[in-house]
Amino acid sequence: MRYPGLLRFAKCSRRSSARSSVRRSLPVALLVAVLAALVLPLGALAGGWAVVTLDGVPQTPHAGQVLSLGFMVRQHGITPIDAPYGQGAVLTPVLTARNTDTGESLTVDARKEGAIGHFVVDVAFPSAGTWSWTITPAPFAGTTLEPLTVAPPAPSSGSVSGATVLGTRLPAPLLLRVGGLGLLLLALLLAAMSRRHLLGRRFVFRSR
């Protein structure tokens, strides 16, 4: 004996139960996805950043002047490191700079020198102006430093007239006076020596 109404009720109950299960599982799935999105990046970034700090800030360098800039690379801003994550090949930090006035740019590699985490880069900014610059110890992200003001090239010592005596530069007229006085003293000395020689000859002649 069949009961059509009972069968329809059973089918409806199964469908309703299935829908309820799906509805209950959706929030759980969403929660898992959100947690994965938060946790995975944190795991990837663990130990994955470093900070660059200069030994000292250059004081208004001149264009073309070679600067030897020392700096430290510290993982998490605390631990000095020479290699990524403390192992593997030694870091080769790169200095990149750009003149914000002219658009001129440069790139220079640093070298390992001194204690753990210490590097040095030799750089000469080719033109005057304000330079923005960054030091990047790849594979870590770079550290952007305060903009640097570069003065025009320093005057060449060969283009300045006069001479330097004990660190004091003498003007050309004074230099000529000093030279003339020296020649005069030399002439007086020669004259005195010549007179002494003549007097000696006269004394010998009279003695005879």
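Cut-offs used in this document
Residues numbered from 1 in each chain as written. Predicted model: local features only at pLDDT ≥ 70, side-chain atom pairs only at ≥ 80, totals over all residues. Heavy atoms only, no water. Helix = DSSP H or I, 4+ residues; strand = E, 2+ residues; numbered from the N terminus. Buried < 20%, exposed > 50% of the residue type's maximum accessible area, 1.4 Å probe, protein only. Contact = heavy atoms within 4.5 Å. Salt bridge = Lys/Arg side-chain N within 4 Å of Asp/Glu carboxyl O. Phe/Tyr/Trp six-rings, centres within 6.5 Å; stacked < 30°, edge-to-face > 60°. Lys NZ or Arg CZ within 6 Å of the ring centre and 35° of its normal. Patch = residues over 30% accessible without salt bridge, like charges linked within 9 Å, V, L, I, M, F, W, Y side chains within 5 Å. Areas by Shrake-Rupley, 256 points an atom, 1.4 Å probe, with all protein chains shown as cover. Polar contact = N/O pair within 3.5 Å; in protein donor to acceptor, adjacent residues only side chain to side chain.

Draft legend 1. Representation of the overall build of the chain within the structure. Tallying secondary structure elements over the chain gives two helices and 12 strands in all. Each helix and strand of the chain, placed in order from N terminus to C terminus, yields the pattern α-β-β-β-β-β-β-β-β-β-β-β-β-α. Counting every position in the chain, which comprises 208 residues, the buried fraction comes to 22%. Within the chain, counting contacts between residues at least 6 apart in sequence, those at least 24 apart form 57% of the total.

Draft legend 2. Representation of unusual backbone geometry. Cis geometry marks the peptide bond from alanine 138 to proline 139, where omega comes out at 15°. Here proline 139 shows up in the loop between β8 (129-136) and β9 (143-144). Here threonine 60, not a glycine, exhibits a phi torsion of approximately 45°, which is positive. Relative to the helices and strands, threonine 60 is located in the loop between β1 (50-54) and β2 (66-75). Unusually for a residue other than glycine, histidine 76 sits at a positive phi of about 60°. Locating histidine 76 in the fold gives a position in the loop between β2 and β3 (79-80).

Draft legend 3. Structural context of the pattern of salt bridges. For the structure shown, the criterion picks out three salt bridges. The partner of aspartate 82 in a salt bridge is lysine 112, with the nearest N and O atoms 3.8 Å apart. Within this pair, whereas aspartate 82 is found in the loop between β3 and β4 (94-99), its partner lysine 112 is found in strand β6 (residues 111-112), the two being separated by 30 residues in sequence. With a closest N to O distance of 2.7 Å, aspartate 122 and arginine 111 form a salt bridge. One end of the pair, aspartate 122, is in strand β7 (residues 118-124); the other, arginine 111, is in strand β6, and 11 residues separate them in sequence. Given the relative accessible area of 31%, aspartate 122 is considered partly exposed. Overall, the relative accessible area of 36% leaves arginine 111 in the partly exposed class. Salt bridges sharing partners connect three or more residues here, namely Arg111, Glu113 and Asp122.

Draft legend 4. Structural context of the packing of aromatic side chains. This model, assessed by the stated rule, comprises three aromatic pairs. Consider the rings of phenylalanine 125 and tryptophan 133, whose centres lie 6.3 Å apart with planes at 90°: the pair is edge-to-face. Its relative accessible area of 1% is what places phenylalanine 125 among the buried residues. Ring pairing ties together the aromatic residues Phe125, Trp131 and Trp133, which thus form one cluster. Above the face of the phenylalanine 119 ring, lysine 112 is positioned so that its terminal group lies 5.8 Å from the ring centre.

Draft legend 5. Quick look at a nonpolar patch on the surface. Where nonpolar side chains cluster on the molecular surface, the patch consists of Leu183, Leu186, Leu189, Leu190 and Met193 and spans about 530 Å² of accessible area. Relative to the helices and strands, leucine 190 is located in helix α2 (residues 172-207). You can call leucine 190 exposed: its relative accessible area is 51%.

Draft legend 6. Summary view of the side chain of threonine 143. Relative to the assigned elements, threonine 143 resides in strand β9. Reaching out from threonine 143, the side chain makes a polar contact with the backbone nitrogen of valine 52 at a distance of 3.1 Å.

Draft legend 7. Focus on the environment of glutamine 75. Looking at where glutamine 75 falls in the secondary structure, it is placed in strand β2. On the accessibility criterion, glutamine 75 (13% relative accessible area) is buried. Glutamine 75 sits 25 residues away from alanine 50 along the chain, and the two C-alpha atoms are 4.1 Å apart.

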